[in-house]
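Coordinate inspection notes
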Amino acid sequence: MATATARRPGVGRGGGRRGGAAALLLVLCAGCLAAGEVSCIKFRMFPQLNPKECVSESVSAHQWDLVLESVEANFRKAAGRNLTDHEVAVRLASFRRPVTIEVGFITMSPNPVDQTMKPIDYVITDDRGNMLNTRTSITQEEVDWKGHVGGRGPYTICFTANKEFGVVEVDLTYFHINVPGAKHAKISGELTEGDIRDMKPVITDEELKYFAQEEHVMELKGDMRQVGTAVYQAYYEQQHIKQILHRQHRGIWSFAVKVKVLGYAEAFFIVLCSVLQYVFVRRLFKGKGKVGSFRGGFEI
């Protein structure tokens, strides 16, 4: 299992811890850390107390042991003699091979009301202290570093925050160090001839029986063609559905406009009829009042 450690710069340099536990608040998600990798770690940086925080990760012990077992088997076979345990241990201790580094994180403010950007700087280093990657003034990043030749680790990513931005919350979504298995990374100049020899696979006659034959490849090509046809049909079916939905939306919008216009017209005519009714009724009663007063004066 890989071990996830968050270490503070300045610790173990003879001066003790600076800033105490208040300078770093780690909130570990137990469900995401069950796999033993640095994932779903969220911590806060207090630049006024300590502007730099570091997190380290190594290749998982199980994965690295499998690599060393293969290297030891090839080393013993290629040596052509009985090797001592010391010779094997020295060889395994100095063995290095291509690894991949994957990091993803995002920065924000711990205060939900504060929507300002919180850019930080980061540097990724290997177990020898060599700088692998760095960027400045970013709020989120996804790193996929391939082809680096190194050992098990630990590999470290250090974050640096600016004091003027205040408290920064860093959500480290994932931090994985993997050893490529099925495909080999590009070999760099750091590998010796012995490393290249140890990394070559040793194939037995029994294993050769399980290699793909020509009929297997032809069957795979037929399956790939069927998959391509299905994808082609699915794509154009989606385009057809989109066109139908587009026409439906246009019809609904046109109908809504008509209903809106008719509603306004209906309301206008209702108001107009009400006003005309009021005017006509008022004139009717005014005319009857004048006739009644005239008749009363005539009778007297």
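Residues numbered from 1 in each chain as written. Predicted model: local features only at pLDDT ≥ 70, side-chain atom pairs only at ≥ 80, totals over all residues. Heavy atoms only, no water.

Moving on: the side chain of Lys118. Relative to the helices and strands, Lys118 resides in the loop between strand E5 (97–108) and strand E6 (120–125). Residue class for Lys118 comes out buried when judged on its relative accessible area of 6%. A polar side-chain atom of Lys118 sits 3.3 Å from a polar atom in the side chain of Asp114. Side-chain polar atoms of Lys118 contact the backbone oxygen of Phe165, separated by 2.4 Å. (Helix = DSSP H or I, 4+ residues; strand = E, 2+ residues; numbered from the N terminus. Buried < 20%, exposed > 50% of the residue type's maximum accessible area, 1.4 Å probe, protein only. Polar contact = N/O pair within 3.5 Å; in protein donor to acceptor, adjacent residues only side chain to side chain.)

Below, the discussion takes up the state of the cysteines. Between two cysteines, a covalent bond joining their sulfur atoms is known as a disulfide. Using the criterion set out here, one finds one disulfide in the structure. In this model, Cys54 is linked to Cys158 through a disulfide, with the two sulfur atoms separated by 2.1 Å. With the S-S bond torsion at 110 degrees, the cross-link from Cys54 to Cys158 turns out right-handed. Taken together, the residues span a long stretch of sequence, with Cys54 in strand E4 (residues 52–57) and Cys158 in strand E9 (residues 155–161) at a distance of 104 residues. (Disulfide = S-S within 2.5 Å.)

Time to look at the side chain of His148. Tracing the backbone through its elements, the reader meets His148 in strand E8 (residues 140–150). Side chain to side chain, His148 and Asp126 meet in a polar contact 3.5 Å long. Beyond its immediate stretch of four places on either side in the chain, His148 contacts Arg97, Pro98, Val99, Asp126, Leu132 and Tyr155. (Contact = heavy atoms within 4.5 Å.)

On the surface, a nonpolar cluster with roughly 890 Å² of combined accessible area is contributed by Phe268, Phe269, Val271, Leu272, Val275, Leu276, Tyr278, Val279 and Phe280. On the secondary structure map, Phe268 appears in helix H6 (residues 214–299). Residue Phe268 is classed as exposed on the basis of its relative accessible area, which comes to 53%. (Patch = residues over 30% accessible without salt bridge, like charges linked within 9 Å, V, L, I, M, F, W, Y side chains within 5 Å. Areas by Shrake-Rupley, 256 points an atom, 1.4 Å probe, with all protein chains shown as cover. Salt bridge = Lys/Arg side-chain N within 4 Å of Asp/Glu carboxyl O.)

This next bit is on the pairing of E5. For E5, the buried fraction is high: nine of the twelve residues fall into the buried class. Bridge count for E5 against E8 is nine bridges, and the pairing is antiparallel. Opposite Val99, over in E8, you have His148 as the bridge partner. Sheet analysis places E5 next to strand E10 (residues 168–178), joined by nine bridges and oriented antiparallel. Looking at the pairing, Thr107 lines up with Val170 of E10. (Pairing = 2+ DSSP bridges.)

Our focus in this paragraph is the environment of Trp145. Here Trp145 is to be found in strand E8. Distance in space between the C-alpha atoms of Trp145 and Ile101 is 4.9 Å, their sequence separation being 44 residues. Beyond its immediate chain neighbours, meaning those up to four positions away, Trp145 contacts Val99, Thr100, Ile101, Leu132 and Asn133.

Turning our attention to the pattern of salt bridges. Overall, the coordinates contain five salt bridges when judged by the stated rule. Residue Lys118 pairs with Asp114 through a salt bridge whose shortest N-O separation is 3.3 Å. One salt bridge in this structure joins Arg135 and Glu141, with 3.1 Å as the shortest N-O distance. Looking at Glu141, the relative accessible area reads 13%, which means it is buried.

Attention now moves to the packing of aromatic side chains. When we look at a pair of aromatic rings, we describe it by the centre distance and by the angle of the planes. Counted according to the given criterion, the structure contains seven aromatic pairs. On the basis of an interplanar angle of 55 degrees and a centroid distance of 6.0 Å, the ring pair of Phe43 and Phe159 is categorised as tilted. Of this pair, Phe43 sits in strand E3 (residues 38–45) while Phe159 sits in strand E9; the two residues are 116 residues apart in sequence, bridging distant segments of the chain. One exposure class covers both Phe43 and Phe159, and it is buried. (Phe/Tyr/Trp six-rings, centres within 6.5 Å; stacked < 30°, edge-to-face > 60°.)

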